[in-house]
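A look at the structure
Residues per chain, in single letters:
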Amino acid sequence: VQLVESGGGLVQPGGSLRLSCTASGRISSTNVMGWYRQAPAPGRARELVAVISDSGTTNYADSVKDRFTISRDNAKNTVYLQMNGLKPEDTAVYYCKWVGLIGTYWGQGTQITVSS
């Protein structure tokens, strides 16, 4: 399974961005897709941002609830993350993750920087 991410960049506090991640290869219909992030500070672990199952069940980190929305288009094997009200503490590398019957796969990561 290959994952291609897009949509990162530099944005001012309070701004919005949308990330996309498209999966290709041996994709099973039963899967969970999601976004994780890793902040630049030394020792920071990769953390959950939001995930969505193939049936549409979602789960969010408390820090992004009411600001971020995850969605997916199963026909396109694509997951989206709409991020509104961005804060400097959202600055991180964002990784797409795909979990299915054949295993777990990660994207290459896309940088998001929130700064004025």
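First things first, this report covers the structure right here in the doc. (Residues numbered from 1 in each chain as written. Predicted model: local features only at pLDDT ≥ 70, side-chain atom pairs only at ≥ 80, totals over all residues. Heavy atoms only, no water.)

**Observations concerning unusual backbone geometry**
A positive phi angle, close to 75°, is found at D66, a residue other than glycine. Positionally, D66 belongs in the loop between β6 (58-60) and β7 (68-73). Overall, D66 belongs to the exposed group, its relative accessible area being 86%. The residue N77 is not glycine, and still its phi comes out positive at about 50°. With respect to the element layout, N77 can be found in the loop between β7 and β8 (78-83). (Helix = DSSP H or I, 4+ residues; strand = E, 2+ residues; numbered from the N terminus. Buried < 20%, exposed > 50% of the residue type's maximum accessible area, 1.4 Å probe, protein only.)

**Here's the deal with the sheet that holds strand β3 (residues 17-24)**
Across the sheet, which stays open at both edges, the 4 strands sit in the order β1-β3-β8-β7 with antiparallel pairing between neighbours. Each of the sheet's edge strands pairs with one partner strand only, and the pair in question is β1 (2-6) and β7. Taken pair by pair, the neighbouring strands of this sheet meet at an average axis angle of 15°, ignoring direction. Alignment of β7 against β8, held across 6 bridges, turns out to be antiparallel. What sits directly across from S71, in β8, is Y80. (Pairing = 2+ DSSP bridges. Axes fitted to C-alpha atoms, helices over the stretch in contact; angles between N-to-C directions.)

**Quick look at the state of the cysteines**
Tallied over the entire structure, the rule returns 1 disulfide. Here C21 pairs with C96 through a disulfide, and the sulfurs are 2.1 Å apart. One disulfide, between C21 and C96, carries an S-S torsion of -85° and so falls in the left-handed class. Of the two residues, C21 is situated in strand β3 and C96 in strand β9 (residues 92-100); the sequence distance between them amounts to 75 residues. Like C21, the residue C96 is buried in the burial classification. (Disulfide = S-S within 2.5 Å.)

**Things to note about the pairing of β1**
Of the two faces of β1, only the one carrying L3 and E5 is buried; Q2, V4 and S6 on the other face are not. Two strands pair when backbone bridges link them, and β1 and β3 are joined in this way by 5 bridges, in the antiparallel orientation. Residue pairing in the sheet places L3 in a bridge with A23 of β3.

**Focus: the packing of aromatic side chains**
According to the stated counting rule, one finds 3 aromatic pairs in the structure shown. The interplanar angle of 75° and the centroid separation of 5.2 Å between the aromatic rings of Y36 and W106 together place this pair among those described as edge-to-face. Linking Y36 in strand β4 (residues 31-38) with W106 in strand β10 (residues 103-106), this pair joins segments that are 70 residues apart in sequence. Between Y95 and W106, the aromatic rings sit 6.5 Å apart at their centres with planes inclined by 85°, giving edge-to-face as the arrangement. Of the two residues, Y95 is situated in strand β9 and W106 in strand β10; the sequence distance between them amounts to 11 residues. Its relative accessible area of 36% is what places W106 among the partly exposed residues. (Phe/Tyr/Trp six-rings, centres within 6.5 Å; stacked < 30°, edge-to-face > 60°.)

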